[in-house]
Structure formats: C-alpha cells, structure tokens
Amino acid sequence: MRVLAAMSGGVDSAVAAARAHDAGHDVTGVHLALARNPQTFRTGARGCCTLEDSRDARRAADVIGIPFYVWDMAEQFHADVVDDFVAEYAAGRTPNPCLRCNEKIKFEAVLDRAVALGFDAVVTGHHARLGADGRLRRSVDHGKDQSYVLAVLTREQLDRAVFPLGDSTKAQVREEAARRGLAVADKPDSHDICFIADGDTQGFLQRQLGDAPGDIVDGRTGERLGGHNGAYGYTIGQRKGLDLRVPAADGRPRYVLSITPVTNTVTVGPKEDLEVDTVTASRVIWHGTPTPVECDVQLRAHGEVVPAVVTVEGETLTARLATPARGVAAGQAIVAYQRSADGDIVLGSATMTAGVASEALVAARA
Amino acid sequence: MLDEALAAYVAAAREVGNPSSLHAAGRRARRLVEESRERIAAAVGARPSEVIFTSGGTESDNLAVKGLFWARRAGSLNRSRVVTSAVEHHAVMDSADWLGAHEGAQLSWLPVDSAGRVDPASLATVLETYAEEVAVVSVQWANNEVGTVQPVAELARLAAGAGIPFHTDAVQALGQVPVDFAASGAAAMTITGHKVGGPVGVGALLLGREVSCTPLLHGGGQERDVRSGTLDTAGVAAFAVAVETAVSSQAASAQRVGDLRDELVARVRAAVPDAILNGDPADRLPGNAHFSFPGCEGDALLLLLDAQGVCCSTGSACSAGVAQPSHVLIAMGADDDRARSSLRFTLGHTSTLGDVDELLAALPGAVERARRATAWKTPR
C-alpha cells in the first residue's frame, strides 16, 4: 500500500511509521503544522505543534528512510478544532479537542487530501487495535488506550486507517524506538491541550470569551449562592474553585451539577445529585450491532466503564446505566464497548446531550 | 562541488598553515589565499583588494546592508534610509528590516512589475524625494525564485549619481549571466561559492576600494579590517577555482542550459496549457523555469513529482517547513492561490534532455492529481 504516516514528532507516530515501512508499505511521512504562528503553541517537548516537534519528526523520517513533508493545516485546525472548542464551552458543553482533531483533521482533511494524492491509507501512532475484521479495539496497553478518541471515526474512515501500535505497550514502543535509533525514544508524552500554550484552559477561554458574570444557584432550592465571571469556566462535577460565600446547610461539599448558557447560570448541589443513570446522545456512529444491547459504556477519556443497556434509534443513542455515574458532561463522547478477550470492541460512539436521573434514582436520594 | 574545485580544496587542506602567520607554513597559506583572491578578482572584474572573503552569501549581504548603512550614518545622522526591492533574498530583506527595528532606519521598498523587474524610474523618484536621507541602495542582480534579471547597471548609475553606495546580491547571477563588478558600477557585490560549484561556507563581498563599510565581525583585522577571522585557505582556494571555471564556461553553458530551459518551458506549456510562466520571459537566468499551475498546490505537486524522481522547489519554507506564499510572487501582483500554486524547475550543467523528458512524463498526471487534491480544502 501507499500510506501516509502522520508524524507529530513524538515517539508513537515515529515507531508507527517505522513499522509500516518494515511491513513493506510505501510510506511517506507528513508533519501537520497546526499553529498559525508555530512559536505560540507549546514550546519544548510537551505538545505536538512546535518547531522542535517538526524537526523531531523530520529526523525520525530521515532515520527510517522515508520522504517527509510538512502540511499546513493551521486554517482547518483553527476552524474545526480551536473555534469549535471555544464555541462548545460557550454553549455550556465540555468538548474533547483531541477527538475532534481525529475526526476533522487527521481522518478527514488529511485523509481526503492523501487519498486524492494517491495514498491508500493514513498511519498514525494511536494506541488502538484495528484488526483484519476491521473492528476497532482497545490497545493491549489499557493505560494508553486511545480507542475512546477514535470511536468517532466512521466505517469509511476506519477502512483507510492503520494503527500499527495497538498490540504494544508504551514501554515496548519506547524500547523499540531506542533500538531503532530514533532520538525521540525518551521524549515525554504529550498531554493537555496542544493549542493552549501555558496549560491554563480557563485563562484561554477567558481571553476568547471575555467576562460574562452570572449566578451560581442551589439546584434544590434555587437560592443564589454566589456569582461567577463566565459559566464556561465550570465543568460538570467540579468541586474546587466555586468560592461560595453561603455554606451548605448540611456542611457537605457542593459540586457543579449543570451549566445553563441561556440564563448564564451555574447550578450546584450535593454529590449524589450529580448521579445519573440515563444518558442520551446525538451524532451517533454505530457499527451495526442490533440494539438494545448489553455492553459497557465509557463516558469520558480515561474514565472507568459502566455496564449499560444501549439503544440506538435514528439519530439518538440512549444508555441505561446499571450503576449511576457522576460527572456526565454534555459534549463529551459516550463510547460503547463489547467485552472481548483480544481487546474490547468499539460498538459505536455518540456525543452526549444529557444525563438524567431516573425516578427510582431520585427517590433513592430522598 | 566541481571536481577541479574539490581537488584544489583537498590539496590545500592537506597543508598546515594559518595565512595570518609569519612563518614559512603561514606564508605558503597566505600565498595561496592571495593567488585565489587575484584569480577571483580577474574573473569578476574587480581589483584583488576589493575581494573580502566571508562565510557566504548571507554574511556578505548582512555586511553590505548593515556595514554600508552604519558607515554612511556615521558620516551624517540624516542618512538613515535603506532602499531595497520587494523581491530580495531574505538575507537582504531581513537585514533591512532589522535595521528598521533596531537602528531606527527608514525603509523604502522598490516595487516590481508583473515580471518581477524593478523600474529604475522608481529608484530615481526615491533618490529625488529623499536625496539627503538615503544611506544605501541594495537590489539583487537576478531573482533566486523567478529568475528575472534586474537592470543593475542602470540602478547603480542612478545611485552613484546621487553619491550613494549601491550593493547588489549577485549570488544567483554569477556563472549564469555575464557579471563584471567594475562595469556594473556597484559599490559592493555579494557572491558565494556553492552556487558556482565551489564549497558551501565560503563567499565574498566585493567592496570598492573607496567604499567605507563598518564591520560586523571584530577581531584580528583580516580582510581590510572589514571582516576579521582566520581565513579558510582550502575553502578560498576551491572557491577561486569554481569562480574561474564558472565564469570561463558561462557563455557556452548559458547557451546550452538556456536552450534546454526553453525546450522545457515550451513542453510544459503544451502539456499544461493554462500553466503560467512567472518572471521575465526573456531577461531571465538561463537555468530557471518557474510556473504557476492554477488549481494546484505547489507542495502537493512537489510531493507527487518527488515520488517520481523529479526534484523541484516551491517558493520558500518557514523554519517549521511549511511552504509560505512567496513574497516575490506577491510583490509581482500574484494572489495567495497563485503564489501557492507555483513550482520552480532549475536546470544546471548536469541537466540533460532526458531530465526534461522525465519531468514531462510525470507532470500531466501530477497536475491532474494535485487539482483533485485541492478539493479537500473546499468547505463541506
């Protein structure tokens, strides 16, 4: 196959490209320049869009012995990922920019361009398995598994994706990189959000959205407990930084229960009011398993799975959770997995719109 | 490197000796340096003392633009204007910008026409308007991207008439078109080794004997006290051989390469009828063919042609490696899309008709494919 290896400058994508090359594919390396001004994104070894990363990717391509180019994806990245990130927060939801980048950049803009230029597939260093049966599975390295942020990919996108690392642990990947003489072998993992240089998401949103003062109210009584400078600064399940002047009657800590952009209100309440046992979601990607189906669902990146019954009807996915979950945030993905000895299988994914407590659950609280 | 230049390099590199030393080994090195200086001077129409060895084109351009500016301003604080063209190499442009940002220089950018050519009348106007302010004028001999040859002698005459030092970056021109320092009327001229088959890392600034230039590098006072630093004897020897060879073979080479380039241009136009030849159609470097391919992105074309063994270049890349729309094409009036759709094919003394055949075998398919790949950009 003629394949395009997306090379971030990190160890994973370098080893993925090397393995594709070893497997006999005709591999071309491409680094995606995502920053409008490369210096403004993370400096040093933490992100995926710096000048240093571009050089690291180029050096890795040299060592592997494949051609290498830089593609300017800054405009698409800004429109589809950064602007979307800000708009989602403004709408009271909690976006996942890495998932969005996979969906819109790596496996849409880049993949489409690659196919148009005569490539058969895109290779990335994601930790996930995509076997001969074409089903997306978790990586053998559960701690590094990235199937959650790939589950948004459609059948057509998966058919043109190659993930060579799914059968290896991160430690094995690093060891192999060192063996291959790739200088990125001991480069630290990237984390946080690559387009927020200082890691201060709140400060970034504040600069983008400005001050928007509003109320913090009690979810049960409706009483005003305090104020905020922008509802976008809060996440469902957040406990710290509420700065409430009025102590709770029972003295117990309070958590953010919901964010209502229309009234610019942040609603708080006790921990148990965070619990939901029914989740609805839209923008469904489903790979054909008949529903209702008993499976596991994951409600946030690196979160635990919860057993559930998932039903897909038209454009809506509904999950009834066997045990209540807390901190379910609209905008995050729900991913359904079927347990399997050779890696749990992704059944489908959707974007959560609401988490609600059933009458039984509400009754149990009282 | 040319074989002759490499041989001269190796022979000189075997010898030990610092040309600044007074002992026998030093004298041998010194002699080789001075003979090389004389050979270069003879080849480019300069006097030996006018050859200031440097580390190459970038240093020579920096030395000329900054050094002439500082020297002129030291004579009169009013003289703080740098005049240069909108299509210069970054070594000149960024030096001028730096003087603007850090030394309070005023900048005048001479525009170019759609062929990339500076109109001498625009320089005349600037010199008239700012007669007492201009410190230095710098306009390239030929453009490194689109190949347009500038009316250097005319520009130099205008500057000299106003009593202002004129510098020209002749890196692209030497060995490609006739270059004569004295006849050009320039006060300073940049040349470099690796563009004429010599080593990378050695070049020269030709600097008129009466022209005052403040040094960038201070130290041992070598090179008329304008450029301190121990000379690279072997590099200088190889540079001299390369310059001599390039100049002596210039006429024949320009004829052969120019004919080959004309063949390439005609065949590209036949194969891709809407391809636009950029640069001056007649007055251009013989080895340069620069096109815009409407509807394509240059970096996609480059990838496709590279995969078929054809080497070509897009404009210039930023430090991250992203192809930027060329400032040269923008200055010529091209929009961003046309600038991004451009590709340069350079022919040299090793190029053959077979290379042109190879390019034409790959090009139509690559253009068609690149056009389809542009669709990914259109919003869904």
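Residues numbered from 1 in each chain as written. Chains lettered and ligands numbered in written order. Predicted model: local features only at pLDDT ≥ 70, side-chain atom pairs only at ≥ 80, totals over all residues. Heavy atoms only, no water.

Glancing now at the overall build of chain A. In terms of helices and strands, chain A carries eight helices and 17 strands. Relative to the 2.2 N^0.38 estimate, which gives 21 Å for 366 residues, the radius of gyration of chain A is 22 Å and therefore close to what a compact globule would have. Within chain A, counting contacts between residues at least 6 apart in sequence, those at least 24 apart form 64% of the total. Carbon and sulfur atoms make up 49% of the accessible area of chain A, which totals about 15,700 Å². Looking at charge distribution, chain A has the averaged site of its 40 positive side-chain charges lying 3 Å from that of its 48 negative ones. (Helix = DSSP H or I, 4+ residues; strand = E, 2+ residues; numbered from the N terminus. Rg over C-alpha atoms; globule rule 2.2 N^0.38 Å. Contact = heavy atoms within 4.5 Å. Areas by Shrake-Rupley, 256 points an atom, 1.4 Å probe, with all protein chains shown as cover. Lys, Arg positive; Asp, Glu negative; His and termini not counted. Charge placed at Lys NZ, Arg CZ, Asp CG, Glu CD.)

Secondary structure summary: chain B contains 13 helices and 12 strands in total. In terms of overall dimensions, chain B has a C-alpha envelope of 70 × 55 × 35 Å along the principal axes. When burial is assessed residue by residue, chain B has 54% of its 380 residues classed as buried. Put simply, of all contacts in chain B between residues at least 6 apart along the chain, 72% involve residues at least 24 apart. Surface summary for chain B: the accessible area is close to 15,600 Å², and the carbon and sulfur share equals 52%. One way to put it: in chain B the 32 positive side-chain charges average out to a point 3 Å from where the 43 negative ones average out. (Buried < 20%, exposed > 50% of the residue type's maximum accessible area, 1.4 Å probe, protein only.)

Another point: the sheet that holds strand 4 (residues 121-123) of chain A. By way of backbone hydrogen bonds, the strands of a sheet pair with one another, either parallel or antiparallel. Residues and elements named next belong to chain A. The five strands lie next to each other as 3-2-1-4-7, forming an open sheet whose pairing is parallel. Here the strands that pair on one side only, and so sit at the sheet edges, are strand 3 (68-72) and strand 7 (161-162). Inspection of the sheet shows strand 1 (residues 2-6) paired to strand 4 by three bridges, in the parallel sense. Bridge pairing links Val3 to Ala121 in strand 4. (Pairing = 2+ DSSP bridges.)

Let us look at the packing of aromatic side chains. Two measures describe an aromatic ring pair: the distance that separates the ring centres and the angle between the ring planes. Residues and elements named next belong to chain B. Counted under the stated rule, the structure contains 10 aromatic pairs over all chains. Pairing Trp70 with Trp98 gives two aromatic rings, centres 6.4 Å apart and planes at 90°, and the pair type is edge-to-face. Separated by 28 residues along the polypeptide, Trp70 in helix 3 (residues 57-75) and Trp98 in helix 4 (residues 90-102) bring together distant segments of the chain. (Phe/Tyr/Trp six-rings, centres within 6.5 Å; stacked < 30°, edge-to-face > 60°.)

Counting residues at the interface gives 20 residues for chain B and 22 residues for chain A. Summed over both sides, the interface of chain B with chain A buries roughly 1,700 Å², with 58% coming from carbon and sulfur. Linking chain B to chain A there are two salt bridges. Here Asp299 of chain B and Arg113 of chain A are joined by a salt bridge, their closest N and O atoms 2.9 Å apart. Residue assignment for the side of chain B that touches chain A shows that the elements contributing at least two residues are helix 10 (298-307) and helix 13 (353-374) of chain B. For the side of chain B that touches chain A, the element with the most residues is helix 10 of chain B, which contributes seven residues. The class makeup of the residues in the side of chain B that touches chain A is 10 nonpolar, two polar and eight charged. (Buried area = accessible area lost by both parts, 1.4 Å probe. Salt bridge = Lys/Arg side-chain N within 4 Å of Asp/Glu carboxyl O. Nonpolar A, V, L, I, M, F, W, Y, C, P; charged D, E, K, R; others polar.)

Another point: the packing of helix 9 (residues 250-271) of chain B against helix 13 of chain B. All names here are of chain B. Where helix 9 contacts helix 13, the two axes come as close as 10 Å, and the packing angle between them is 15°. Taken together, the axes of helix 9 and helix 13 lie roughly parallel to each other. When you trace helix 9 past helix 13, the crossing you get is right-handed. Taken together, the residues of helix 13 that come into contact with helix 9 (itself represented by Leu260, Glu263, Leu264, Arg267, Val268 and Ala271) are Leu353, Val356, Asp357, Leu359, Leu360, Leu363 and Pro364. (Axes fitted to C-alpha atoms, helices over the stretch in contact; angles between N-to-C directions. Parallel < 35°, antiparallel > 145°, perpendicular 65-115°, else oblique. Left-handed = near helix turned anticlockwise from the far one by under 90°.)

Looking at where Gln222 of chain B falls in the secondary structure, it is placed in the loop between strand 7 (203-207) and helix 8 (233-248). A relative accessible area of 15% places Gln222 of chain B in the buried class.

Our focus in this paragraph is the domain arrangement of chain A. Residues and elements named next belong to chain A. Under the domain assignment used here, chain A contains domain 1 (2-186), domain 2 (212-269) and domain 3 (275-365). The interface of domain 1 with domain 3 comprises 23 residues on the first partner and 25 residues on the second. Carbon and sulfur atoms make up 49% of the surface buried where domain 1 meets domain 3, a total of about 1,900 Å² over both sides. For the domain 1 face of the interface with domain 3, the top three residues by lost area are Arg135, Arg138 and Tyr148, together amounting to 37%. Counting across the domain 1 and domain 3 interface gives three salt bridges. As a salt-bridge pair, Arg137 and Asp342 come within 3.6 Å of each other at their nearest N and O atoms. Our count for the domain 1 to domain 3 interface comes out at 14 residue pairs in polar contact (both at pLDDT 80 or more). Sorting the residues of the side of domain 1 that touches domain 3 by element identifies helix 4 (97-116), strand 6 (136-138) and helix 5 (155-159) as the ones contributing at least two each. In terms of residue class, the side of domain 1 that touches domain 3 is built from eight nonpolar, five polar and 10 charged. (Domains from an automatic or database assignment. Polar contact = N/O pair within 3.5 Å; in protein donor to acceptor, adjacent residues only side chain to side chain.)

Further remarks concern the nonpolar core. Buried together is how nonpolar side chains tend to be arranged in soluble globular proteins. Counting 79 residues, the largest nonpolar core has Trp71 and Phe195 of chain A together with Phe291, Phe293, Leu305 and Phe345 of chain B as the members making the most contacts within it. Core analysis: the second largest hydrophobic core is formed by 58 residues, Ala170, Met189, Leu329 and Met332 of chain B among them. (Core = buried A, V, L, I, M, F, W, Y, C linked by side-chain atoms within 4.5 Å.)

This part is about the sheet that holds strand 9 (residues 288-292) of chain B. All names here are of chain B. The strand order 8-9-12 describes an open sheet built from three strands, whose pairing is antiparallel. The two strands at the open ends of the sheet, each matched to only one other strand, are strand 8 (276-277) and strand 12 (342-346). Pairing between strand 8 and strand 9: two bridges, direction antiparallel. Within the sheet, the bridge partner assigned to Ile276 lies in strand 9 and is Ser292. Packed onto the sheet, helix 9 meets strand 8, strand 9 and strand 12 and runs at close to 15° relative to strand 9.

What follows deals with a nonpolar patch on the surface. Judged by side-chain polarity, Met1, Leu6 and Val10 of chain B come together as a nonpolar surface patch covering roughly 250 Å² of accessible area. Mapped onto the fold, Met1 of chain B is located in the segment before helix 1 (3-14). (Patch = residues over 30% accessible without salt bridge, like charges linked within 9 Å, V, L, I, M, F, W, Y side chains within 5 Å.)

All names here are of chain B. Along its sequence, chain B is organised into domain 1 (3-248) and domain 2 (250-377). Relative to domain 2, the C-alpha centre of domain 1 lies at a distance of 29 Å. Tallying the contact residues gives 28 residues for domain 1 and 20 residues for domain 2. Taking both sides of the interface into account, the surface hidden between domain 1 and domain 2 amounts to around 1,900 Å²; carbon and sulfur atoms contribute 54%. Area buried by domain 1 at its contact with domain 2 is led by Glu145, Val146 and Gln176, which between them contribute 37% of it. In this assembly, domain 1 and domain 2 are joined by one salt bridge. Asp283 is the partner of Arg117 in a salt bridge, and the nearest nitrogen-oxygen pair spans 3.5 Å. The interface formed by domain 1 and domain 2 contains 13 residue pairs in polar contact (both at pLDDT 80 or more).

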